[in-house]
Amino acid sequence: MAEELRIVLRNYGKIDPLKIDDYIAQGGYKALEKARTMDPQAVIDEVKKSNLRGRGGAGFNCGQKWSFAYQAQADEKYVVCNADEGEPGTYKDRLIMENDPHTLLEGMAICAYAIGAKKGYIYCRGEYPYVVETLKTAISQAKEKGVLGDFDIEVRMGAGAYVCGEETALIESLEGKRGEPRFKPPYPPSEGLWNKPTIVNNVETLANIPVIIDKGAEWFAAIGVSSYPGTKVVTLTGDVNNRTFFEVPTNTTIREVIYKLGGGIPAGKKFKAVQIGGTSGAFIPESQLDTPIAFDNMSAIGATLGSGAVFVLDETREIVDTVTRIMEFFEHESCGKCAPCREGTARCAELMQKMNAGLGSQKDLNLLEKLGRVMSYSCLCGLGQAAPTPALSTIKHFRADYEAKFI
Amino acid sequence: MDYRKVISDYAEVPGGVLEAFHAVQAELGYLPKEVIAEAAKVFKISTADAYGVATFYSMFSVDIRGKNVIRICESAPCHVAGAAEVVAALERELGIKMGESTPDGLFALEFTECVGQCQATPVITINGKPYLDVKPAQIPSIIAEYR
C-alpha cells in the first residue's frame, strides 16, 4: 500500500494542457464518444454502479444525483462544475484544471448527455484567474474540434466568498446575486439554477467520469475502500517533509499519507495532530492515524474526509492558537443569512480569543462546547454546521492544551 | 474608461453582474457608486441589490484603494508557516497597516483567506499573481517590481 494511483491526475505532466491534441492522443474524448452510443439511463447506471461519491465533501452517490436530474421534467437543465475550491489547504481542483482541463470538460459533457442538459457552467474561484484563462482556452479548442457537440460550457468567476462552495450559494452567485445558501428542499437536481434541474459536481468528481465510462464501473468499484471507491487527491501542508500532493486509493491510511508519502515530520519532531478535509475538519490525534482516508471510515472517528486537505501540526504547535485563527476564519466567512451561524461563529471566535489570551476558564470551554453542538444542528448550511468542528474535536482530543491556558 | 460600455457588454449575460463588476474593477481597481447604479439599471435590479452584491464578495471593493492590490493569506497553513512575519514586513516596507492604501495610490494591503497555493506557504498575491514561499527579507524586492 501507500502507492500513488493516478486516475483524475492521469495526464499530469504527460500532456500540454493547452493542446487538445495531446489530450486526444492519450485517449481523450473517447469516453464521451462511447457514452453517446449508450442510452442516457445506461450511462447513469454505470456511474451509479461504480459507486463514485462526490469529492467535494458531502460524499453523495454521483450516479444517484444524476438520476434525480434525469427524471426531472423541464425544458432546460444545467450541469454546473463547482470549481470554487476555497477550503484552506486545498488545491486539488486547481491541479486538475491547470494540468488537464479537458478531462473536466469531458466529464461535464458526459453528465450533460446523461441528464439531458445543453448548457454547462464552470464556477471557478476568483483567486484562480490564471485557471480561468486555461479553461477558456480549452473550451474554445473543444468547440473548434466539435468534440462537445451541442453542449455549451461557460466559465464564470467567483469573487472571494468561501460560502459559495456550498452548492446553492454557488447557484445564487451564478445568478448574479449575493452567494447566500438557499433553504432546502428543493435540492438542485430538481430545482437549481434559474429553478431548473441542475447537477452541481465538484471538479475531482467530474474528472473521474471519463475513466469510469472508459474502463467500466466494476474496475472503478474495486479500487480502494468499497464504500467510497476510487482515489482521493490529498494536499499536504503544515509540519510535514513533503509539502505536496498525492493521489492515492481510498484504503490508504492517514498514517501512510503522513509518514510514507509525506516523509514524516521535519527536524525529528513528534507528531501532535492532523486536520483533514480542510479548515472545517476535525483534528485527529495519533491514536486514530490508522484510519483509511475514505468517507465512512473518517465519519466513524468523528472526522470528515472533506476536500482531502491534510494539515499536520508537530509537537511544538499551539493547538489553541491555531484553532483561534480557524474560528476567526469562520467569523469572516459566515454569510450572515442565518442567526446561528452569524452569531455563533462570532461568539466561537470570541471565546477562542479569550482562551488563547490566557483569560479563559472551564466555564468558557463548556460554553463553547454547548454553542458548537447547537450550531452543528441549527445552522442553515454546511459552513455553520461544520464550523465548530475544529474546536469541538480539539476539546475532545487535546483538552489539556486548553486547560493549560486557563486563568 | 467608459464604464457604461464595459457594463453594457454584459447586459445580455444572465446573472452577468459579477462578470461586469470584475471587468470594471480590472480597469478602475474598485467599484465607484456610479458603476453600481449603472449596473443596477442594466441588470434590472435595485441599487440596493447591486450594492449588496458588490459588498458581499471580498475581492470587490466599493472604496477607492491602491492600484496594486497585495493580499496576504491568513488561513491556517499560511498562519503556521509564518504569515505574521510577512505581514509585518509588508507593513514596514509600505509604511501602512493592513487594510490601508499607500498615499501615492500605488499599493493596497489586504488580508485574504486561502488562495490555493498551499504547496509553498506563506503565500501573497499581487493583482492575483501568487508569490510562493515568501520570506520577509524578499518583500522589498517583490514590492520593487511594482514601483
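Nothing here was measured: the structure is a model prediction, and the numbers come from that model.

Definitions and limits used
- Residues numbered from 1 in each chain as written.
- Chains lettered and ligands numbered in written order.
- Predicted model: local features only at pLDDT ≥ 70, side-chain atom pairs only at ≥ 80, totals over all residues.
- Helix = DSSP H or I, 4+ residues; strand = E, 2+ residues; numbered from the N terminus.
- Pairing = 2+ DSSP bridges.
- Axes fitted to C-alpha atoms, helices over the stretch in contact; angles between N-to-C directions.
- Buried ≥ 20, exposed ≤ 12 C-beta atoms within 10 Å, placed from the backbone.
- Domains from an automatic or database assignment.
- Contact = placed C-beta atoms within 7 Å.
- Parallel < 35°, antiparallel > 145°, perpendicular 65-115°, else oblique.
- Left-handed = near helix turned anticlockwise from the far one by under 90°.
- Nonpolar A, V, L, I, M, F, W, Y, C, P; charged D, E, K, R; others polar.

Caption draft 1: Up close: the overall build of chain B. Each helix and strand in chain B was counted, giving 7 helices and 4 strands. Ordering the α and β elements of chain B from the N terminus gives α-α-α-α-β-α-α-β-β-β-α. If one aligns the C-alpha atoms of chain B with their principal axes, the spans along those axes are about 50 × 30 × 20 Å.

Caption draft 2: Fine view of the sheet that holds strand β4 (residues 198-202) of chain A. All names here are of chain A. Pairing in this open sheet of 4 strands is parallel, and the strands run β3-β2-β1-β4 from one edge to the other. Lying at the two open borders of the sheet, with one neighbouring strand each, are β3 (152-157) and β4. Taking the axes of each pair of neighbouring strands and ignoring which way they run, one obtains an average angle of 20 degrees across the sheet. Alignment of strand β1 (residues 78-83) against β4, held across 5 bridges, turns out to be parallel. Bridged to Cys81 within β4 is Asn201.

Caption draft 3: Local environment of the pairing of strand β7 (residues 271-276) of chain A. All names here are of chain A. Among the 6 residues that make up β7, 5 are buried, leaving the element largely enclosed by the rest of the structure. The sheet contact formed by β7 and strand β9 (residues 309-314) spans 5 bridges and is antiparallel. Opposite Gln275, over in β9, you have Phe311 as the bridge partner. Bridge count for β7 against strand β8 (residues 283-284) is 2 bridges, and the pairing is antiparallel. What sits directly across from Gln275, in β8, is Phe283. Between β7 and the antiparallel strand that follows it, β8, lie 6 residues; Gly277 among them carries a positive phi value of about 95 degrees.

Caption draft 4: The arrangement of the domain arrangement of chain B in detail. In terms of domain boundaries, chain B breaks down into domain 1 (3-56) and domain 2 (68-144). Taking the mean C-alpha position of each, domain 1 of chain B and domain 2 of chain B sit 28 Å from one another.

Caption draft 5: Region of the structure containing the interface of chain A and chain B. At the junction of the two partners, chain A supplies 38 residues and chain B supplies 28 residues. With 5 residues, the top contributor of residues to the side of chain A that touches chain B is helix α13 (residues 319-333) of chain A.

Caption draft 6: Structural view of the packing of helix α5 (residues 92-99) of chain A against helix α7 (residues 129-145) of chain A. Residues and elements named next belong to chain A. In the contact formed by α5 and α7, the axes pass within 9 Å of each other and the chain directions differ by 40 degrees. As summarised for this structure, α5 and α7 are arranged oblique, according to the angle between their axes. Judged by the sense of rotation from one axis to the other, the crossing of α5 with α7 is left-handed. Across the interface between the two elements, Arg94, Met97 and Glu98 of α5 pack against Val131, Thr134 and Leu135 of α7. Tallied by class, the residues present in the contact of α5 with α7 amount to 3 nonpolar, 1 polar and 2 charged.

Caption draft 7: Layout of the sheet that holds strand β2 (residues 107-112) of chain B. All names here are of chain B. Strands sit in the order β2-β1-β3-β4 across an open sheet of 4 strands; the sheet is mixed. A strand with exactly one partner marks an edge of an open sheet, and here the two such strands are β2 and β4 (129-131). For this sheet, the mean inter-axis angle between neighbouring strands, taken without regard to orientation, is 25 degrees. Pairing analysis gives 3 bridges linking strand β3 (residues 124-126) to β4, with the strands arranged antiparallel. Across the sheet, Ile124 pairs through a bridge with Tyr131, a residue of β4. Against the sheet, helix α6 (residues 83-94) touches β1 (68-73), β2 and β3, its axis set at about 155 degrees to β1.

Caption draft 8: Here's a closer look at the environment of Arg243 of chain A. Along the polypeptide, Arg243 of chain A turns up in the loop between β5 (231-238) and β6 (245-249). Along the sequence, Arg243 of chain A and Pro197 of chain A sit 46 residues apart, while their C-alpha atoms lie 40 Å from each other.

Caption draft 9: Structural view of the packing of helix α6 (residues 101-115) of chain A against helix α9 (residues 203-215) of chain A. Residues and elements named next belong to chain A. With their axes 7 Å apart at the nearest point, α6 and α9 run at an angle of 75 degrees to one another. As judged from the angle between their axes, α6 and α9 are roughly perpendicular. Here α6 contributes Thr103, Leu104, Glu106, Gly107, Met108, Ile110 and Cys111 to the contact with α9, which in turn contributes Val203, Leu206, Ala207, Ile209, Pro210 and Ile213. When its residues are assigned to classes, the contact of α6 with α9 shows 10 nonpolar, 2 polar and 1 charged.

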